[in-house]
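Structural description and commentary
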Amino acid sequence: MRIAEDSPQRLVLRDRTLWIGVLLVFAAAFLVYMSLRQAHPAGMWVGAGLFVLFGLAFFSASDVVFDRSTGEVTLTRLVLWRRSQRVLRFSEIKAVEIEDAPGERTPTCRLALVTAERRFPLTTVYDQGRKNYEEMRAAVLRAMGRAGEPAPDPLESLVRQGRVVEAVELLRRRESLDLVTARERVREMEHKLKGG
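Report on the accompanying structure.

Rules of the game
- Residues numbered from 1 in each chain as written.
- Predicted model: local features only at pLDDT ≥ 70, side-chain atom pairs only at ≥ 80, totals over all residues.
- Heavy atoms only, no water.
- Buried < 20%, exposed > 50% of the residue type's maximum accessible area, 1.4 Å probe, protein only.
- Helix = DSSP H or I, 4+ residues; strand = E, 2+ residues; numbered from the N terminus.
- Pairing = 2+ DSSP bridges.
- Core = buried A, V, L, I, M, F, W, Y, C linked by side-chain atoms within 4.5 Å.
- Contact = heavy atoms within 4.5 Å.
- Expected span 1.5 Å × (residues − 1).
- Axes fitted to C-alpha atoms, helices over the stretch in contact; angles between N-to-C directions.
- Parallel < 35°, antiparallel > 145°, perpendicular 65-115°, else oblique.
- Left-handed = near helix turned anticlockwise from the far one by under 90°.
- Nonpolar A, V, L, I, M, F, W, Y, C, P; charged D, E, K, R; others polar.
- Salt bridge = Lys/Arg side-chain N within 4 Å of Asp/Glu carboxyl O.

With that out of the way, let us pick up the pairing of strand E3 (residues 60-67). Here E3 lies mainly inside the structure; 6 of its 8 residues are buried. Where strand E2 (residues 10-16) meets E3, 7 bridges bridge the pair, whose relative direction is antiparallel. Bridge assignment links Val 12 to a residue of E3, and that residue is Val 65. Alignment of E3 against strand E4 (residues 72-79), held across 8 bridges, turns out to be antiparallel.

With that settled, the discussion passes to the nonpolar core. Membership of the largest hydrophobic core comes to 24 residues, with the highest contact counts inside it found for Leu 13, Phe 66, Leu 111 and Leu 113. Among the elements of the structure, E2, E3, E4, strand E6 (93-100), strand E7 (109-115) and helix H3 (130-143) are those that each provide at least two residues to this core. Among the elements that line this core, the one with the most residues is H3, at 6 residues. In contact with Phe 66, not counting residues within four places along its chain, are Gln 9, Arg 10, Leu 11, Leu 13, Glu 72, Val 73, Phe 90, Leu 113, Val 140, Ala 143 and Met 144. Of all hydrophobic cores here, the second largest spans 11 residues; its members include Leu 155, Leu 158, Val 164 and Leu 171.

This part is about H3. When the terminal C-alpha atoms of H3 are compared, their 20 Å separation across 14 residues agrees well with the 20 Å that a helix rising 1.5 Å per residue should span. Taken together, the buried residues of H3 touch strand E1 (2-6), E2, E3, E6 and E7. Positive backbone phi, at 75°, marks Gly 145, one or two positions downstream of H3.

Let's shift gears to the sheet that holds E1. Spatially, E1-E2-E3-E4-E5 is the arrangement adopted by the 5 strands of the open sheet, whose pairing is antiparallel. The sheet is open, and its two borders are formed by E1 and strand E5 (82-89), each paired with just one other strand. Between one strand axis and the next, the sheet turns by 15° as a mean value, whatever way the strands run.

Overall, antiparallel pairing links the 3 strands, which are arranged E6-E7-E8 in an open sheet. This sheet does not close on itself; its edge strands, each paired only once, are E6 and strand E8 (119-121). With strand direction ignored, the average angle separating the axes of adjacent strands in the sheet is 25°. Two elements, E7 and E8, share 3 bridges in a ladder whose sense is antiparallel. What sits directly across from Ala 112, in E8, is Pro 121. Strands in contact with H3 are E6 and E7; relative to E6, the strand with the most contacts, it is inclined by about 170°.

By secondary structure assignment, the location of Ile 93 is in strand E6. The class for Ile 93 is buried, based on a relative accessible area of 2%. Sequence separation of Ile 93 and Glu 72 is 21 residues, and the distance between their C-alpha atoms is 10.0 Å. Excluding anything up to four places from it in sequence, Ile 93 contacts Val 73, Leu 88, Leu 113, Val 114, Thr 115, Met 144 and Arg 146.

In this section: the packing of helix H5 (residues 164-175) against helix H6 (residues 179-193). Where H5 meets H6, the closest approach of the two axes is 9 Å, and the angle between their N-to-C directions is 120°. Here H6 runs oblique to H5, going by the angle between their axes. Our pair here, H5 against H6, has a crossing hand that is right-handed. Contacts from Val 164, Ala 167, Val 168, Leu 171, Arg 172 and Glu 175 in H5 reach Leu 179, Ala 182, Arg 183, Arg 185, Val 186 and Glu 190 in H6. Considered class by class, the residues forming the contact of H5 with H6 number 7 nonpolar, no polar and 5 charged.

So, on to the side chain of Arg 163. Examined against the element boundaries, Arg 163 turns out to sit in the loop between helix H4 (154-160) and H5. Not counting residues within four places of it along the chain, the set of residues in contact with Arg 163 comprises Asp 100, Ala 101, Pro 102 and Leu 158.

Following the criterion strictly, the structure yields 15 salt bridges and no others. Note that Glu 184 and Arg 187 form a salt bridge whose closest N and O atoms lie 3.9 Å from each other. Of the two residues, Glu 184 and Arg 187 both sit in helix H6, 3 residues apart, roughly one turn of that helix. The class of Arg 187 is partly exposed, set by a relative accessible area of 43%. Through salt bridges with shared partners, one network takes in Glu 97, Glu 99, Arg 110 and Arg 119.

Written as structure tokens, this is what we have:
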């Protein structure tokens, strides 16, 4: 995801993984062509099928427009030829969070808008470059007139989402705790967040 426009009227974030999908489908077509020219094409057909599957997985696009004049954000997403659109008022958005990918060793993330009812990830895929996402988050907050709002604690965010295993792993890394201590601290946080 990247900032495509940041003007006084609007902020536009854009994510395009379509090109990866198209590239993989072309690779599949090439393998099919090559298999038709050779005597033992079975292996190439399997490879072509895998390329098509991966190509479909990457066939997505997102456009997120923060319109400063109307106070609305429009999230338009295309996933496998299915287009969806959602409009939210700035006042509905309680937080802008950077979500870490579940269970990943290499840190990858994406932005999400959080309302009282649910979370709206801005992309379907996670991407590397946390610093880039922190800059995008700051631009989103400026666009909504909430510049300087502190970033939510990623540990608390994971606990709120019910991603306990990732929360324990993050706490262990962050504070060099053993598994039992980290799990107990996450349980305490769960209990506190539920109002108990």
